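Next come the chains, spelled out residue by residue.
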Amino acid sequence: MSRAGGRTVPRAIPRTVLILGTVSLITDISSEMVTAVLPLYLVAELGLSPLGFGVLDGIYNGVSALVRLVGGHLADRGRRHRTTAAVGYGLSALCKPALLAVHSVPLIGAVLAVDRTGKGLRTAPRDAMISLASPPDMQARSFGVHRAMDTAGALLGPVTAFFVLRTAAGGFDAVFTVSFCVATMGVLVLLLFAPGRILEPAAPTSSGSARVAPVSAAPASAVSLRAAFGLLRRPELRRLTLCALLLGLATVSDSFVYLLLQRRLGISVRWFPLLPLGTAGAFLLLAVPLGQAADRFGRWRVFLSGHLGLLAAYGMLLTPAHGTVLPVGGLPVAVLPVAVLVLHGAFYAATDGVLMASAAGSVPAELRSSGLALVQTGQASARFVCSLLFGAAWTAWGAHTALAVATVALATCAATSAVLRPLRAVEPAR
Amino acid sequence: MSARTRLVILLATVAVLAAVAVGSVLHAADRAARRDRLQAGGPRVTSGQVALTAAGSARQPRLVFRNMAWGPHRDELASVPSADPSGPRTASTVHCLRFYSAAGTGICLQAVHGAVSDTYQAVVLDSSLREQRRYPLDGIPTRARVSPSGHLVAWTVFVSGDSYGVGQFSTHTSILDTRTGTLQSTLEDYQVVKDGHAYRNADVNFWGVTFADDSRFYATLATGGKTYLVQGDVTARTLTTLRENVECPSLSPDGTRLAFKKRVPGLSVDAPWRLYVIDLRTMGEMPLAENRSVDDQAVWLDDRTLAYALPGDFGTDMWTVPADGTGSPRQLIEAAMAPVVVG
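As the structure is a computational prediction, the values presented were derived from the model and not from experiment.

From N to C terminus, chain B includes one helix and 27 strands. Taken against the 2.2 N^0.38 rule, which gives 20 Å for 343 residues, the C-alpha radius of gyration of chain B at 22 Å falls within 12% of a compact globule. Each principal axis of the C-alpha distribution contributes one length, and for chain B these read about 80 × 50 × 45 Å. Taking all 343 residues of chain B together, the buried fraction comes to 54%. Across chain B, contacts joining residues at least 24 apart in sequence account for 43% of those joining residues at least 6 apart. For chain B, the computed accessible surface area is about 14,700 Å², with 52% contributed by carbon and sulfur atoms.

Written out as structure tokens, the structure is:
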């Protein structure tokens, strides 16, 4: 909803956003089905020891960053957003039958790496399509809608997988087959219903999409890798990327957050698998409202507030373990874990899509995908560096001190970013 | 393409995909049902008394193990005479994924079928397989051991992380004192001494406990991409590294040697492990005569013989090999895992 002429007029979410949301929802059901049963499959069915699985992780993070930049660039060249995204979704879909064929930890690891390559390829083109299809004053809401649908899929995936295993004990092949069918459906919906070319920036089309984005007059021939990196010469984008990088350097990875929650606050290990669900639930519920808030009150403000929420979550994790359980109606309710998870989910809701919406405003339409890939890659690389540093700090000083350092770092980075205020010039049109 | 054409294509493809999906689930369900029916030519399994001491129905040494032969007794604890391991099996009603026993105390890690997904629990059994204590588990069972006295019990489960795609996996290893019910829920609470210095890291994982007595034990520590043999002290809550590249140690009944799986450089990444035995007095190690990759915590049937699981037609088969590096591997028992000798 937005205000126009003094009255509240509900404005439709662009069709393309809903279609891409549906594709992500379907794809996330498919991929989370596999993720949910993988440990059980490795240990119970194949009798393998999955330890050492994470080894690929570090190396792969670098490759993943590169793949994302390539995906972003390919999509801009000849404006092939849909095609590039479809290749990414298709690659991940093909990994599901491949899982039926391989039976060792390294090969399964390789298939999962290809799966992630597909994810890396499709992310920037898809986000570019979302932003190109949305009017400038509704960017963050569109991303919020997409992220909410995406997260809903992630929550439905495990349920679907366990339903299959319930019907057919040990039916991991059935889980992978169903996952493949679901993923194929996602690719099909994308190819059939998403527009091949979102729009020519200058040519007005129907459904209000002509009002898209401040577009520079650069011709299509300007779409090159050099032009993509040349985006960083734009002061707003450079400052935004710098801030995303700074804040990313102080964003402790999810697994550490759950580990800290479990250890510091003495949550029973039995509830450990439920912790990510708490974050996802909050993300799902808050993505749209916080996206709307970002469009209305300023994306940068909401983005920074999200990090303040994360700062509060760190602060709670630093408090002593006692006093975390309050009797509510006779039932002991673990207030702190719930608060931490809600803040963690709110952090994602206020930053994930909002950052893309912020960046979209500073990147011309013909380089949208490359520009978004650049910001995403910067942020992801910074977060990876953070998890390495955090791990090292944990080893050297212990969990509590490592978190205290991260908290100070986050506060400093947030303060610096607040001073830099990258989006002064491109606050949303009212 | 008109909207109508697109819709027709969508519906037709969805119908095909749905048929494939439903077909695969039905096929898998049928296969699951077949596993509950008796397999022609499989071992004979009958219901009966299974005991963990010779004082029970067993007059001669018996092997107690998880029966994996198809039929109604699949996954139940079963026993056969040690002298005739391929003979008819006697099955209890206790189903376990992992099992171990010593001095009349049994530990059974079992699945509990829930509304959505399975959960797991550890059950301490007395010598007649009656439940003594029960603890919920936070992951998928992988290893279980009992101290020689039957007083202490240890187990390891796999816990999966949350990240997309290449997930992070970790292990939780717990130690229980069956006399007092005191549960040390994770070895991560122990003080680790690595190469003479206190060591801590978020990435530490422990698995594969083997007990020397009611305070001392050996286990595997993994950190920074390497594995270590550690010696643990239950009372002092310390773990001290002894040497590198040792997984799933198993202490001989006389307490002088450890059997373990070693990651041998140059082997295929699919099958990286070989069985070794290390002499604790000299710390010298010796490869065993098994040339296949073994991913199991071996069990000592006596001071000279080791038993271990290898993949088979019904999940796993048990094999044996002499503990001194001589001889050759022999199949001990088909469609079985986690054996112990009782009596």
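This is not the end of the story, as more comes after the structure.
This next bit is on the overall build of chain A. When you go through chain A residue by residue, the secondary structure sums to 14 helices and four strands. Across the 430 residues in chain A, those meeting the buried criterion constitute 55%. Long-range pairs, those at least 24 residues apart, make up 83% of the contacts in chain A with a sequence separation of at least 6. Taken as a whole, chain A presents about 16,600 Å² of accessible surface, with 69% of it coming from carbon and sulfur.

Turning to the side chain of A:Thr377, a few remarks are in order. Among the secondary structure elements, A:Thr377 is positioned in helix H13 (residues 368–397). For A:Thr377, the residues in contact, after removing those within four places along its chain, are A:Ala65, A:Arg68 and A:Leu69.

For the rest of this paragraph, the subject is the domain arrangement of chain A. All names here are of chain A. Its domain assignment divides chain A into domain 1 (7–198) and domain 2 (231–430). In this complex, domain 1 contributes 33 residues to the contact, which on the side of domain 2 involves 31 residues. Between domain 1 and domain 2 we count one salt bridge in total. Across the salt bridge formed by Arg-147 and Asp-352, the nearest N and O atoms sit 2.5 Å from each other. Applying the counting criterion to the domain 1 and domain 2 interface returns nine residue pairs in polar contact (both at pLDDT 80 or more). Among the elements of the structure, helix H2 (55–76), helix H4 (105–133) and helix H5 (139–167) are those that each provide at least two residues to the side of domain 1 that touches domain 2. Taken together, the residues that form the side of domain 1 that touches domain 2 break down as 15 nonpolar, 11 polar and seven charged.

This part takes up the sheet that holds strand E22 (residues 285–287) of chain B. Strand pairing in a sheet relies on backbone hydrogen bonds, with the paired strands running either antiparallel or parallel. All names here are of chain B. If you walk across this open sheet you meet the four strands as E19-E20-E21-E22, and the pairing is antiparallel. What marks the edges here is a single partner per strand, and that holds for strand E19 (247–251) and E22. Recorded for the sheet is a direction-independent mean angle of 30 degrees between the axes of neighbouring strands.

Grouped together as the largest cluster of nonpolar side chains are 163 residues, with contacts concentrated most on A:Phe390, A:Trp394, B:Ile107 and B:Trp155. Both of domain 1 (7–198) and domain 2 (231–430) of chain A provide at least three residues apiece to this core. In contact with B:Ile107, other than residues within four places in its own chain, are B:Arg98, B:Phe99, B:Tyr100, B:Ala122, B:Val123, B:Val124, B:Ala144, B:Arg145, B:Val146, B:Val153 and B:Trp155. Among the nonpolar cores identified, the runner-up in size contains 18 residues, and B:Tyr190, B:Val192, B:Tyr199 and B:Phe206 belong to it.

On to unusual backbone geometry, then. Residues and elements named next belong to chain B. Backbone geometry at Asp-195 places phi at a positive 50 degrees, although glycine is not the residue there. Mapped onto the elements of the fold, Asp-195 is located in the loop between strand E13 (191–194) and strand E14 (197–199). If you check the backbone angles, Cys-248 has positive phi at about 50 degrees while not being a glycine. Inspection of the secondary structure assignment puts Cys-248 in strand E19. A relative accessible area of 0% means that Cys-248 is categorised as buried.

With that settled, consider helix H10 (residues 275–297) of chain A. Residues and elements named next belong to chain A. The end-to-end C-alpha distance of H10, which contains 23 residues, comes to 31 Å, matching closely the 33 Å that a straight helix rising 1.5 Å per residue would cover. Of all the bends in H10, the largest measures some 45 degrees and sits at Leu-286, one to four residues before the proline Pro-289. When we look at burial in H10, the residues that qualify are Leu-275, Thr-279, Ala-280, Ala-282, Phe-283, Ala-287, Gly-291, Ala-293, Ala-294 and Asp-295. Buried-residue contacts for H10 involve H5, helix H9 (254–264), helix H11 (299–318) and helix H12 (335–360). At the exit of H10 stands Gly-298, carrying a positive phi of roughly 115 degrees.

Residue and element names in this part refer to chain B. The strand order across the open sheet formed by four strands is E23-E24-E25-E26, and the pairing between neighbours is antiparallel. The strands lining the two open edges of the sheet, one partner per strand, are strand E23 (299–300) and strand E26 (330–333). Inspection of the sheet shows E23 paired to strand E24 (residues 305–312) by two bridges, in the antiparallel sense. Each residue of the ladder has a partner; that of Trp-300, found in E24, is Leu-306.

What follows is about the pairing of strand E21 (residues 273–279) of chain B. Residue and element names in this part refer to chain B. Among the seven residues of E21, six are classified as buried, and the element is accordingly described as predominantly covered. Taken together, the three bridges between E21 and E22 define a ladder with antiparallel strand orientation. Bridged to Ile-278 within E22 is Glu-285. Turn length for the E21-E22 hairpin, with the two strands adjacent in sequence and antiparallel, is five residues, and the turn residue Met-283 shows positive phi of about 60 degrees.

Here we take up empty space enclosed by the protein. Residues and elements named next belong to chain B. Tallying each qualifying case throughout the model produces four cavities of 30 Å³ or more. Reported here for the largest cavity is a volume of approximately 140 Å³. Around the largest cavity, the lining comprises 14 residues; the ones closest to its centre are Arg-98, Arg-145, Asp-296, Gln-297 and Ala-338. Those elements giving two or more residues to the lining of the largest cavity turn out to be strand E5 (98–102), strand E9 (140–146) and strand E27 (336–342). Looking at the lining of the largest cavity, the element that brings in the most residues is E9, giving four residues.

Rules behind the numbers
Residues numbered from 1 in each chain as written. Chains lettered and ligands numbered in written order. Predicted model: local features only at pLDDT ≥ 70, side-chain atom pairs only at ≥ 80, totals over all residues. Heavy atoms only, no water. Helix = DSSP H or I, 4+ residues; strand = E, 2+ residues; numbered from the N terminus. Rg over C-alpha atoms; globule rule 2.2 N^0.38 Å. Buried < 20%, exposed > 50% of the residue type's maximum accessible area, 1.4 Å probe, protein only. Contact = heavy atoms within 4.5 Å. Areas by Shrake-Rupley, 256 points an atom, 1.4 Å probe, with all protein chains shown as cover. Domains from an automatic or database assignment. Salt bridge = Lys/Arg side-chain N within 4 Å of Asp/Glu carboxyl O. Polar contact = N/O pair within 3.5 Å; in protein donor to acceptor, adjacent residues only side chain to side chain. Nonpolar A, V, L, I, M, F, W, Y, C, P; charged D, E, K, R; others polar. Pairing = 2+ DSSP bridges. Axes fitted to C-alpha atoms, helices over the stretch in contact; angles between N-to-C directions. Core = buried A, V, L, I, M, F, W, Y, C linked by side-chain atoms within 4.5 Å. Expected span 1.5 Å × (residues − 1). Bend = angle between axes of the 7 residues up to and from the residue. 1 Å grid on protein atoms, 1.4 Å probe; cavity = no way out; pocket = protein on both sides within 12 Å on 5 of 7 lines; lining within 4 Å. Points joined across faces, edges and corners; volume = space filled by probe spheres on them.

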